[in-house]
Structures are given as C-alpha cells and as structure tokens.
Amino acid sequence: MNSLVGCWIVSCALVVAAGWVLSGLHALSVRGYLLAGVVIVVVISAWMRRGFRIRSSWRCIRTTCHRRFRRALPLLFLLLVLLAVLGGFLHPPNNYDAMTYRVPRMLNWESAEQWHWIHTLNERQNNRAQGYEWLSMPLLVFTKTDRAFFLINAVSFALLPGLIFSVFTRLGVRARVAWSWMWLLPSGYSLVLQAGGISNDMVAVPFALAALDFALRSQRSHGVADARLSLLAAALLTGV
C-alpha cells in the first residue's frame, strides 16, 4: 500500500510541477502536456524500478481481493467507491467553489496557454491555492470538459482505508481496531459526498495522511526516502 501511495504522491507532484513549467514556457497545451507526459512516465518508471516492487502475482492479488471483499465492511466501502464513480460519470459537477472561480480560472489559463493574473471582480480566481487546478489541468486540456475531474477525488477516496490503517497502527492502535475504523472513517458523509465530485477538500485528505504516515515510517526506519515522501505530501497538501 505504501508503494501505491508513494506513486500517487510522486505523480501528483510531477503533474503540478509540469503545469508550472509549461505555463512558464507558454506551452499549456495538448502538445506541451504530451511532452511532459513522456518525462513523467520516464521519471515514474525509474522511481518504481528503484524503490517499488510488485511482490504478488495477479493470481495472488485476485485471491486477496476475493478474501477481503467477502467481509461486510470492505464490501460496503467498495460499493461506496463504485457508486461515487458512477455518480461522477452520470452527473455533471456542481461544486460552488469550482463553478465560481476554480474552473473559470483554468479556462483562462488554457486560453492563454499559461498562468496569468485575471482582471476580474472575483479575486478568488487569483488569490486561492492552485494545487487542485494543476492536477485537473491535463484532464481539461485533453478532454475539453470538467466531467473527468472527479477521478482525482475518486482515487483519493480509494486510498483512504490503507492510509488510515497504516497511520493508526503506527500510532499504537491495535490492528483489529484499526482494521474496522479504516473502513468506517472514510465512509463519513462529508468524504463520501465529495468522492464523486470536484471539491478540492477530498484530495487533501490522503496528502495529510500520507505526510504523517511517511514521517512515522521515517522515524522508525531512519530512511531518507520516506522523509522525502512525507515532505512532498505535506507540500502538496499546502497547495490545495
């Protein structure tokens, strides 16, 4: 699980960095993101070869999933994930903040192919954190719609149980207790409500948990790699 979370953290950081770099080069376009995508894939592949190991075969993964989702709490959480994804596909986003200033400023940036100060009475288009927008920008550039933005929140939602279990057990909670709460806590109304939408609150939750989780891992192992991932997750958290 920590490898998947680490891959998500590094990928998000690279996408955000790519947005700023392409903006500086006046290349916030399909061609620019295609070139950036190649670089991101190369970096992620190199990072995975160095620190990411898949120790399980697909058959083992299928067996583990079958055994896990036969139990009530994991099965119910899986149902929530599927319903959130289905809702994201069926219904257009309607988050107030997104419709008021976050999507409009993305459209302005895409039109100019770079970030720029927007002359508007709604100053939130200029003075709010921009991390979620840079994560969403490739989806806007390639699909020309905001309908796919919810996928960022859906992935963030799906990562919560493993992160909660890891953080709880490292803080001294018994594994059996942590196992129950890893499914119950993400099923809270506010989190489920945002899992299929484009609110920028949901994406911050795994960043916060990952920053704490990797910090605790680093404290125990004295590993530099975990400390770096903790700082990177915290940086992404401040960006949203």
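Attention in this report is confined to the structure presented alongside it. Keep in mind that this is a model prediction, so the values were computed, not measured.

## Focus: the packing of helix α11 (residues 204-221) against helix α12 (residues 224-239)
At step 1: Here α11 crosses α12 at 160°, and the two axes come no closer than 7 Å. Taken together, the axes of α11 and α12 are roughly antiparallel relative to one another. In this structure, the crossing between α11 and α12 has a hand that is left-handed. Here Ala204, Phe207, Ala208, Ala210, Ala211, Phe214, Ala215, Arg217, Ser218 and Ser221 of α11 come into contact with α12, specifically with Asp226, Ala227, Leu229, Ser230, Ala233, Ala234, Leu236 and Leu237.
At step 2: Residue composition of the contact of α11 with α12, by class: 13 nonpolar, three polar and two charged.

## A short note on the environment of Leu78
At step 1: With respect to the element layout, Leu78 can be found in helix α4 (residues 72-90).
At step 2: Put simply, Leu78 and Trp179 are 101 residues apart on the chain and 15 Å apart in space, counted from C-alpha to C-alpha.

## As for a nonpolar patch on the surface
At step 1: Residues Leu76, Leu79, Leu83, Leu86, Phe89, Leu90 and Leu151 make up a contiguous nonpolar surface patch of roughly 690 Å² in combined accessible area.
At step 2: Among the elements that line the nonpolar patch, the one with the most residues is α4, at six residues.
At step 3: Looking at where Phe89 falls in the secondary structure, it is placed in helix α4.

## Here's the deal with the environment of Asn95
At step 1: The residue Asn95 is located in the loop between α4 and α5 (96-112) in this model.
At step 2: A sequence separation of 103 residues divides Asn95 from Ile198, and the C-alpha atoms of the two residues are 6.4 Å apart.
At step 3: Discounting chain neighbours no more than four positions away, the residues touching Asn95 are Arg102, Ile198 and Ser199.
At step 4: Polar side-chain contacts of Asn95 include one of 3.3 Å to the backbone nitrogen of Asp97.

## Let's talk about unusual backbone geometry
At step 1: Backbone geometry at His26 places phi at a positive 60°, although glycine is not the residue there.
At step 2: In this structure, His26 sits in the loop between α1 (2-24) and α2 (30-51).
At step 3: Judged by relative accessible area, His26 falls into the partly exposed class, the value being 43%.
At step 4: Positive phi, normally seen in glycine, also occurs at Lys144, with a value near 60°.
At step 5: Looking at the element boundaries, Lys144 is found in the loop between α7 (131-143) and α8 (150-170).

## Observations concerning the nonpolar core
At step 1: Of all hydrophobic cores here, the largest spans 52 residues; its most connected members are Ile9, Leu135, Met137 and Phe207.
At step 2: Apart from the residues lying within four places of it in its own chain, the contact partners of Met137 are Leu28, Tyr33, Met106 and Trp109.

## Quick look at the side chain of Ser156
At step 1: Along the chain, the position of Ser156 falls in helix α8.
At step 2: With relative accessibility at 0%, the residue Ser156 sits in the buried group.
At step 3: For Ser156, the side chain forms a polar contact with the main-chain oxygen of Ile152, separated by 2.9 Å.

## Focus: the pattern of salt bridges
At step 1: Inspection of every chain in the model, using the stated rule, returns four salt bridges.
At step 2: Between Glu110 and Lys144 there is a salt bridge, with the nearest N and O atoms lying 2.8 Å from each other. Placement of Glu110 in helix α5 and of Lys144 in the loop between α7 and α8 is noted, with a sequence separation of 34 residues between them.
At step 3: Here Asp213 ties to Arg217 by a salt bridge, and the two come within 3.1 Å at their closest N and O atoms. Pair noted here: Asp213 and Arg217 are both in helix α11, with a separation of four residues, about one helical turn. Summarising the burial analysis for this pair, Asp213 and Arg217 share the class buried.

Conventions and cut-offs
Residue numbers run consecutively from 1 along every chain, following the written order of its sequence. Only residues with pLDDT of at least 70 are given local features in this predicted model, and only at 80 or more are side-chain atom pairs given and counted; all residues enter the totals for whole chains, interfaces and linings. Heavy atoms from the whole structure form the basis of all side-chain values; hydrogens and water molecules are not counted. Lines fitted to C-alpha atoms define the axes here, with helix axes fitted over just the stretch in contact, and angles between the N-to-C directions of these axes take values from 0 to 180 degrees. In this text, helices come from DSSP runs of H or I with a minimum length of four residues, and strands from runs of E with a minimum of two, each type numbered from the N-terminal end. By definition in this entry, angles of less than 35 degrees are roughly parallel, angles greater than 145 are roughly antiparallel, angles of 65 to 115 are roughly perpendicular, and the rest are oblique. Crossings are assigned a handedness: left-handed for a near helix turned anticlockwise from the far helix by less than a right angle, right-handed for a clockwise turn. Contact definition: two residues touch when any of their heavy atoms are within 4.5 Å. In the scheme used here, Gly and all other residues not listed as nonpolar or charged are polar, with Ala, Val, Leu, Ile, Met, Phe, Trp, Tyr, Cys and Pro taken as nonpolar and Asp, Glu, Lys and Arg as charged. Within this analysis, patches are made of residues with over 30% relative accessible area and no salt bridge. Like charges are joined at 9 Å or less; nonpolar side chains (Val, Leu, Ile, Met, Phe, Trp, Tyr) at 5 Å or less. Accessible areas in this description were obtained via Shrake-Rupley with a 1.4 Å probe; residue shielding takes into account the shown protein chains only. The term salt bridge refers to a pairing of a side-chain nitrogen on Lys or Arg with a carboxyl oxygen on Asp or Glu at a separation within 4 Å. Any pair of nitrogen or oxygen atoms within 3.5 Å is treated as a polar contact; in protein, a donor-acceptor pairing is required on top of that, and neighbouring residues in sequence qualify only through side-chain atoms on both sides. Three labels apply to residues, based on accessible area from a 1.4 Å probe with only protein chains included: buried if under 20% of the type maximum, exposed if over 50%, partly exposed otherwise in between. We call a set of buried residues a nonpolar core when its members are Ala, Val, Leu, Ile, Met, Phe, Trp, Tyr or Cys and they connect through side-chain atoms within 4.5 Å of each other.

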